[in-house]
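Summary of the model geometry
Listed below, chain by chain, are the residues.
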Amino acid sequence: MVCHTAGAEDLITDPETTPGVTILFKDMIHKVHSGHGLPTVAATANGADPYRYEIIGYGESVHDFSDVGFPVIPKGITDCAACHGGTAQEAEIFTNISRTNCATCHNDIDFATGTILDETNPSVQDGVLTVADLTDPTYRAFPGGINHTFVDDTACGACHGPGAAWDVEVMHQHPTDPEQEGTDPVIEIVSVGGMTGGGGTYFVAGDIPEVTFRLRDNSNDPLELVPGDSSVLDRLEFYVAGTTSLYQTVIGRQRPWSGGSLAVDPGNWVDNFLVDGTYTFIFVDPFPADYPAQANALGEPPAELIFPFEEGWGHLYTAGGTPLDNGTYTVFGLGRRLTPTAGEREPFVADAFDVAFGTNDPIMPYDDTVTSEMCNACHGVMAFHGNQREGVQTCLACHTAGSQDGGTYESVDFRIMLHKLHNARNLDVVAQGGAYELSGFSGVADFSHLLISAMPGEAAECEACHVTDDWKNPPMRANMRTWKVVCTSCHDAPATAAHVEAATVAGTFVESCASCHGPGAAFSVEKEHASP
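**Regarding the overall build of the protein chain**
Scanning the protein chain from N- to C-terminus turns up 16 helices and 18 strands. A compact globule built from 532 residues would reach a C-alpha radius of gyration of about 24 Å, and the protein chain, at 26 Å, matches this within 12%. Its C-alpha atoms give the protein chain principal-axis dimensions of roughly 85 × 65 × 45 Å. Burial analysis of the protein chain (532 residues in total) assigns 41% to the buried set. Looking at the protein chain alone, contacts between residues at least 24 apart form 65% of all its contacts between residues at least 6 apart. Accessible surface computed for the protein chain: about 26400 Å², of which carbon and sulfur atoms make up 56%. Here the protein chain carries 23 positive and 72 negative side-chain charges, and the mean point of each set is 2 Å from the other.

Pasting the structure below:
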């Protein structure tokens, strides 16, 4: 902040005609973290002359931040505490209200005319304005119908101060953010029974899991379920997936509680609440003998769009039947409640419990290559799909090696999808004019502008996400071509695919990639991903 003071501007290319872009710290930092969401950027993004938030730096290099978004979930740039929390001036986040502070993110406001871009105008909504259109009265309106022609900041607090009609703190709440009335509920899986193999030490095909669990609030007090009361528990789900070394198809999806009430036969639900604060749910479906079809590959796409899992991507389901691998499987428990006042979804802190299938070998937990703590360092509390899926292992329950979305038919295998999301802007398909899109519950979303913010190497900063050193030399797995899956998720050019095929023994999962790219090799992953 020594240099980024009031009056500071970027390097002006034409001092005679061009006013510099302000690099006042608070103005620049807010805009940089919200480039993609700036009203002027969004309103012109699909037009013939888009507004770009650019800053000219040393050597007159132009830096475009128009595609930058704030990674904190679910509130994004409205999560002021993500940056301001814990600071000496934290109390001023929602009280130090001024035209300058607010106009950094709301950069379409014009205090001379008292207007902003009209969010109800179809052209604004579709993002097809030109830069010239941004000041056209046709596309502008008074915010909330109130003329905002102000010459100073004295009136700001009357409408936007604490307790006012448009209280800044209230207006920055996300629709699915329950922080005002949350209880931080927790699911704790106490035990899993029902196994018959080895005298009751492991599961075999046909065994029905029995999950004993507790529901607690943030004071560790038990939550007593009341049918019809979604404020305690709206939905509860259990899954099984495995093996832990390579999560495949979801083995079972059970939903014993839905809409605030029991959703299965009462015989599958044992209420021991008055005894020790626990419940036991007996699965409806047993462990199958073979891998089932992928639950979240929706519909039947044209043959040319089917993701080729059989080509070493790790999918073990076959129409003829592929027996479940022996090993460690994980029972996942997750749920949500609806907050009493606003009906917002609050996820339970999920839990996972490992069990043995087909063998009495020692339990081998998920190797924590990526952890929730690493994700939350950038994303806050990572909760997806309507704020009801929280934590890395919860993601792994469905984003398994055989998972595929139902619209674009892209793989949503965790390791493939996460690499692509964090490097989307650099993907070859995007560079060639295409897009990286995924089809979710609310339609197709385009992630082509995304790029991890780790500096200075961006997506090459593997340690920003990975806890272990496996990224340097990915461990071989019996049912997949490991290097192919990991490396081609980011390096997606056809030439790279051909290179990978040439380094694989035909008809096998045997790859020679490590000879050139393993630790100490001439083109080792560690060396090639080193920061510039």
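From this point, the discussion proceeds with the structure in view.
**Some words on unusual backbone geometry**
For residues besides glycine, phi is generally negative; the peptide bonds are generally trans as well. Looking along the chain, the bond that leaves Gly-242 and enters Thr-243 is cis, with omega of -5 degrees. The residue Thr-243 is located in the loop between β7 (235-242) and β8 (252-258) in this model. Between Met-455 and the following residue, Pro-456, the backbone shows a cis peptide bond with an omega angle of 0 degrees. If you trace the backbone, Pro-456 turns up in the loop between β18 (443-446) and α13 (482-490).

**Let's talk about the pattern of salt bridges**
Between side chains of opposite charge, pairing is possible as soon as their charged atoms come close. Summed over all chains, the structure comprises 15 salt bridges. With a closest N to O distance of 2.8 Å, Asp-64 and Arg-52 form a salt bridge. Placement of Asp-64 in strand β2 (residues 62-64) and of Arg-52 in the loop between α2 (39-44) and β1 (54-56) is noted, with a sequence separation of 12 residues between them. For Asp-64, a relative accessible area of 32% corresponds to the partly exposed category. On the basis of relative accessible area, Arg-52 is assigned to the partly exposed category, the value being 30%. Note that Arg-337 and Glu-346 form a salt bridge whose closest N and O atoms lie 2.6 Å from each other.

**A look at the environment of Arg-253**
Structurally, Arg-253 is set in strand β8. Beyond its immediate stretch of four places on either side in the chain, Arg-253 contacts Phe-238, Tyr-239 and Cys-398.

**Regarding the environment of Asn-96**
Looking at the element boundaries, Asn-96 is found in the loop between α3 (81-84) and α4 (99-105). Taking C-alpha positions, Asn-96 is 15 Å from Trp-166, a pair spaced 70 residues apart along the chain.

**Some thoughts on a nonpolar patch on the surface**
Together, Ile-146, Trp-166, Val-170 and Met-171 give the surface a local cluster of nonpolar side chains, amounting to about 360 Å² of exposed area. Inspection of the secondary structure puts Met-171 in helix α7 (residues 168-171).

**What to know about helix α1 (residues 25-33)**
For the α-helix, the turn length of 3.6 residues means that residues three or four positions removed from each other point alike. Buried within α1 are the following residues: Asp-27, Met-28, Lys-31 and Val-32. Axial view of α1: buried residues confined to an arc of 120 degrees, hence all on one face. Along its buried surface, α1 packs onto β1 and α4.

**Topic: the state of the cysteines**
Applying the stated criterion across every chain yields a total of zero disulfides. Here Cys-102 is not disulfide-linked; the sulfur of Cys-156 is the nearest cysteine sulfur, at 6.4 Å. Residue classification places Cys-102 among the partly exposed residues on the basis of a relative accessible area of 31%. Counting only cysteine sulfurs, Cys-156 is the nearest neighbor of Cys-159, a cysteine outside any disulfide, at a range of 9.0 Å.

**Focus on the environment of Gln-393**
Inspection of the secondary structure puts Gln-393 in helix α10 (residues 392-398). Once the C-alpha coordinates of Gln-393 and Ala-350 are considered, the two residues, 43 residues apart in sequence, prove to be 8.6 Å apart. For Gln-393, the side chain forms a polar contact with the side chain of Tyr-247, separated by 3.4 Å.

**Focus: the side chain of Asp-234**
Mapped onto the elements, Asp-234 comes out in the loop between β6 (210-216) and β7. What makes Asp-234 buried here is its relative accessible area of 6%. Of note is the side chain of Asp-234, whose polar atom sits 2.8 Å from the side chain of Ser-230. For Asp-234, the contacting residues outside a window of four places in its chain are Trp-257, Ser-258, Gly-259, Gly-260, Arg-336, Arg-337 and Leu-338.

**With respect to the packing of aromatic side chains**
Working definition: an aromatic ring pair is given by the centre-to-centre distance plus the angle between the planes. Scanning all chains against the criterion turns up 16 aromatic pairs. Relative to Phe-65, the ring of Tyr-53 has its centre 6.3 Å away and its plane inclined at 45 degrees; by these criteria the two rings are tilted. Linking Tyr-53 in the loop between α2 and β1 with Phe-65 in the loop between β2 and α3, this pair joins segments that are 12 residues apart in sequence. On the basis of relative accessible area, Phe-65 is assigned to the partly exposed category, the value being 23%. Ring geometry for Phe-281 versus Phe-283: centroids 5.6 Å apart, planes at 45 degrees, classification tilted. As far as the burial class goes, Phe-281 and Phe-283 line up, both buried. Its guanidinium or amino end placed over the ring of Phe-111, Arg-99 lies 5.9 Å from that ring's centre, counting from NZ or CZ.

**Observations regarding the pairing of strand β12 (residues 327-338)**
β12 sits mainly inside the fold: 11 of its 12 residues count as buried. Bridge analysis of β7 against β12 gives eight bridges, and the strand direction is antiparallel. In the sheet register, Gly-242 faces β12, and the bridge partner there is Tyr-329. Pairing geometry for β12 and strand β14 (residues 351-357), over seven bridges, is antiparallel. Bridging from a neighbouring strand, Val-331 pairs with Phe-353 of β14. The pairing of β12 with strand β13 (residues 345-347) spans three bridges and is antiparallel. Across the sheet, Arg-336 pairs through a bridge with Pro-347, a residue of β13. Connecting the antiparallel pair β12 and β13 is a turn made up of six residues, with Gly-343 showing a positive phi of about 65 degrees.

**Some remarks on the packing of helix α11 (residues 414-422) against α13**
Closest axis-to-axis distance for the α11/α13 pair is 8 Å, and the angle between their directions is 20 degrees. Taken together, the axes of α11 and α13 are roughly parallel relative to one another. Judged by the twist between their axes, the crossing of α11 over α13 is right-handed. For the pair α11 and α13, the contacting residues are Arg-415, Ile-416, His-419 and Lys-420 in the first and Val-485, Val-486, Thr-488, Ser-489 and Cys-490 in the second.

Reading guide: rules and limits
- Residues numbered from 1 in each chain as written.
- Predicted model: local features only at pLDDT ≥ 70, side-chain atom pairs only at ≥ 80, totals over all residues.
- Heavy atoms only, no water.
- Helix = DSSP H or I, 4+ residues; strand = E, 2+ residues; numbered from the N terminus.
- Rg over C-alpha atoms; globule rule 2.2 N^0.38 Å.
- Buried < 20%, exposed > 50% of the residue type's maximum accessible area, 1.4 Å probe, protein only.
- Contact = heavy atoms within 4.5 Å.
- Areas by Shrake-Rupley, 256 points an atom, 1.4 Å probe, with all protein chains shown as cover.
- Lys, Arg positive; Asp, Glu negative; His and termini not counted.
- Charge placed at Lys NZ, Arg CZ, Asp CG, Glu CD.
- Salt bridge = Lys/Arg side-chain N within 4 Å of Asp/Glu carboxyl O.
- Patch = residues over 30% accessible without salt bridge, like charges linked within 9 Å, V, L, I, M, F, W, Y side chains within 5 Å.
- Arc of directions from axis to C-beta.
- Disulfide = S-S within 2.5 Å.
- Polar contact = N/O pair within 3.5 Å; in protein donor to acceptor, adjacent residues only side chain to side chain.
- Phe/Tyr/Trp six-rings, centres within 6.5 Å; stacked < 30°, edge-to-face > 60°.
- Lys NZ or Arg CZ within 6 Å of the ring centre and 35° of its normal.
- Pairing = 2+ DSSP bridges.
- Axes fitted to C-alpha atoms, helices over the stretch in contact; angles between N-to-C directions.
- Parallel < 35°, antiparallel > 145°, perpendicular 65-115°, else oblique.
- Left-handed = near helix turned anticlockwise from the far one by under 90°.

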